[in-house]
Amino acid sequence: MARSIKGTIRIEGEEVTITNPDKLLWPEAGITKQQYLQRLAELSPYLLRYCRNRFLTTIRYPGGIHSKFFYQKNAPEPLPDFVKTAQHEDINYIVLDNLPTLLWLGNLAAIEFHPSLHYVGDILPCEWMIDLDPSQDDEPRIMEAAAYVGDILASLGISSVPKTSGATGVQIIIPIEYGVTFDQLRSIGQFVARYATEKYPSFFTIERLKKDREGKIYFDYLQHYSGKTLAAPYTPRARQAASVSTPLTWDEVRKNPHPSEFNLLNIGERLQQRGDLLQEVKPQSLELILRHLQSKA
């Protein structure tokens, strides 16, 4: 029987228990739990920004990324004193507000972080996200498709930031001025999706069922809604390359990078050089396009 190793680290005045630091979580990338916790600490100023004051769903892989996994919404018991929670629809969610909580979750082999799309105690969206979901595991056209959507948004006067999902897709994030509802975002999303499918019919579909997509990229404007989640910017993913959901520039997108190029082994260096690209786009006003859509209704 393998011997269990247990210890504690002190972070921001809190004691965080660490178990089995040598456990391989990403075998192909050679990343152990100890290395993962170090990378999480490096990512924390960025990842926490997009998880703070939101209801958190995590995906845990106790035996590493090739083992059984499970989604965790309800906070597990017992909880350390430093872990904050919030109740929503009979679920006691973790609220990922600090580094000790992030490392505590990392020790539990929480590998993916999927926050709510609205803040605790609010019903309005924090930002707008469009999810481009390939129908195949490795879609060579995904970056080209993302660039087309970015161009459509720009033609509407909307600045946006693309990010790898860290898995196979790309999400396009639009920081928005506060006050827009989820239903209003869905109406704009439907408008942009229909335009994209008509202009680039060989690329995009709004068919939700994968079996009916004919190999096209699903323009998902429905996933961004109250009660749903999307992968947080800077969340690691349970992929062989230890990829990280990473914001990109549109110039980078046009160079057709593979999502696996942005991973736990190099994300720290990238963030030192580039910073958080999401902070470079100011909140966008969607008033003009909403008025246009209302006039057409």
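Numbers given to residues run from 1 along each chain, matching the order in which its sequence is written. Under the rules for a predicted model, residues below a pLDDT of 70 receive no local features and side-chain atom pairs below 80 are neither given nor counted, while totals for whole chains, interfaces and linings still include all residues. Side-chain numbers come from the whole structure's heavy atoms, not from hydrogens or water.

Some thoughts on the overall build of the protein
- Counting its secondary structure elements, the protein contains seven helices and 14 strands.
- For a compact globule the rule gives 2.2 Å times the number of residues to the power 0.38, and the radius of gyration it is set against comes from C-alpha atoms. A globule of 297 residues ought to have a C-alpha radius of gyration of about 19 Å, and the protein, at 20 Å, matches this closely.
- C-alpha extents for the protein along the principal axes are approximately 65 × 40 × 40 Å.
- Expressed as a percentage of contacts within the protein between residues at least 6 apart in sequence, the contacts between residues at least 24 apart total 67%.
- Counting only carbon and sulfur atoms, one obtains 48% of the accessible surface of the protein, whose full area is about 14,000 Å².
- When charges are counted, Lys and Arg are positive and Asp and Glu negative, with His and the chain ends excluded. Charge positions are represented by NZ for Lys, CZ for Arg, CG for Asp and CD for Glu. Of the charged side chains in the protein, 33 are positive and 35 negative; the average position of the first set lies 2 Å away from that of the second. Numbering of helices and strands runs from the N terminus, with a helix taken as a DSSP run of H or I at least four residues long and a strand as a DSSP run of E at least two residues long. Here a residue-residue contact requires only that any non-hydrogen atoms of the pair lie within 4.5 Å. Residue-level accessible areas treat just the shown protein chains as cover; the underlying method is Shrake-Rupley with a 1.4 Å probe.

Structural notes on the domain arrangement of the protein
- Residue ranges assigned to each domain were obtained from an automatic or database domain assignment. Domain annotation of the protein identifies domain 1 (6-119) and domain 2 (127-295).
- Look at where the C-alpha atoms of domain 1 and domain 2 centre, and you get two points 25 Å apart.
- The interface of domain 1 with domain 2 comprises 27 residues on the first partner and 31 residues on the second.
- Accessible area that two parts lose when put together, evaluated with a 1.4 Å probe and summed over both, is termed the buried area. Counting the surface lost from both domain 1 and domain 2, the interface buries some 2,500 Å², and carbon and sulfur atoms represent 64% of this.
- We define a salt bridge as a side-chain nitrogen of Lys or Arg found within 4 Å of a carboxyl oxygen belonging to Asp or Glu. Connecting domain 1 to domain 2 are three salt bridges.
- Of the charged contacts, one joins Asp-276 and Arg-49 as a salt bridge, the two residues approaching to 2.6 Å between their closest N and O atoms.
- Within 3.5 Å is the distance limit for a polar contact, defined as a pair of N or O atoms, with the added protein rule that one can donate a hydrogen and the other accept it, and that residues adjacent in sequence qualify only through two side-chain atoms. Counting across the domain 1 and domain 2 interface gives eleven residue pairs in polar contact (both at pLDDT 80 or more).
- Residue assignment for the side of domain 1 that touches domain 2 shows that the elements contributing at least two residues are α1 (33-47), β5 (54-60) and β9 (110-119).
- For the side of domain 1 that touches domain 2, the leading source of residues is β9, giving eight residues.
- Class assignment of the residues belonging to the side of domain 1 that touches domain 2 gives a composition of 16 nonpolar, five polar and six charged. Think of it as three bins: nonpolar holds Ala, Val, Leu, Ile, Met, Phe, Trp, Tyr, Cys and Pro, charged holds Asp, Glu, Lys and Arg, and polar takes everything else, Gly as well.

Some details on the nonpolar core
- Among buried residues, the Ala, Val, Leu, Ile, Met, Phe, Trp, Tyr and Cys ones that are joined through side-chain atoms within 4.5 Å form a nonpolar core. Remark: exposure states derive from per-residue accessible area (1.4 Å probe, protein chains only) relative to the maximum for the residue type, with buried under 20%, exposed over 50%, and partly exposed in between. In terms of nonpolar packing, the biggest core is built from 49 residues, with Trp-26, Tyr-36 and Phe-113 touching the most fellow members.
- Counting residues per element, the ones that place at least two in this core are β2 (14-19), β3 (24-26), α1, β5, α2 (99-107), β9 and α6 (267-274).
- Sorting elements by how many residues they give to this core places α1 first, with six residues.
- Each of two domains, domain 1 (6-119) and domain 2 (127-295), supplies a minimum of three residues to this core.
- Counting residues in each nonpolar core, the second largest holds 37 residues, with Leu-132, Val-149, Ile-188 and Leu-293 among its members.

Thoughts on the UniProt feature "domain: DNA ligase D polymerase" (unreviewed entry) in the protein
- UniProt positions are given in the numbering used here, feature names are shortened, and annotations may be inferred rather than shown by experiment. In the numbering used here, UniProt assigns the "domain: DNA ligase D polymerase" (unreviewed entry) feature to residues 32-277.
- Taken end to end, residues 32-277 is 28% helix and 22% strand, and its two terminal C-alpha atoms sit 28 Å from one another.

Description of the pairing of strand β10 (residues 127-133)
- Judged by how many residues are buried, β10 sits mostly within the fold: six of seven residues are covered.
- Note on pairing: two strands pair once DSSP finds at least 2 bridges between them. The sheet contact formed by β10 and strand β12 (residues 170-175) spans six bridges and is antiparallel. Of the residues in β12, the one forming a bridge with Glu-127 is Pro-175.
- Relative to strand β14 (residues 217-220), β10 is paired through three bridges, and the arrangement is antiparallel. Directly across from Asp-133, in β14, lies its bridge partner Tyr-218.

Thoughts on the packing of α1 against α2
- Relative to each other, α1 and α2 sit at 145°, their axes nearing to 9 Å. Here the hand of the crossing between α1 and α2 comes out right-handed. On α2, the residues touching Lys-33, Tyr-36, Leu-37, Leu-40, Ala-41, Ser-44 and Leu-47 of α1 are Leu-99, Leu-102, Leu-103, Gly-106 and Asn-107.
- Taken together, the residues of the contact of α1 with α2 break down into eight nonpolar, three polar and one charged. Fitted lines through C-alpha atoms give the axes, limited to the stretch in contact for helices. The angle between two N-to-C directions lies from 0 to 180 degrees. Handedness of a crossing is defined here by the sense of rotation of the near helix relative to the far one, left-handed for an anticlockwise turn of less than a right angle and right-handed for a clockwise turn.

Looking at unusual backbone geometry
- Of note, the amide linkage connecting Glu-77 to Pro-78 takes the cis form, showing an omega dihedral of -5°.
- Tracing the chain through its elements places Pro-78 in the loop between β6 (70-72) and β7 (84-88).
- The phi torsion at Asn-53 lies on the positive side, around 60°, for a residue other than glycine.
- Residue position: Asn-53 is located in the loop between α1 and β5.

As for the sheet that holds strand β13 (residues 204-205)
- On the basis of which strands lie adjacent, the open sheet formed by five strands has the order β11-β12-β10-β14-β13 and mixed pairing. Two strands lie at the open edges of the sheet, namely β11 (161-164) and β13, each paired on one side alone.
- This element, helix α3 (residues 142-155), spans β10, β11, β12, β13 and β14 of the sheet and lies at about 20° to β12.

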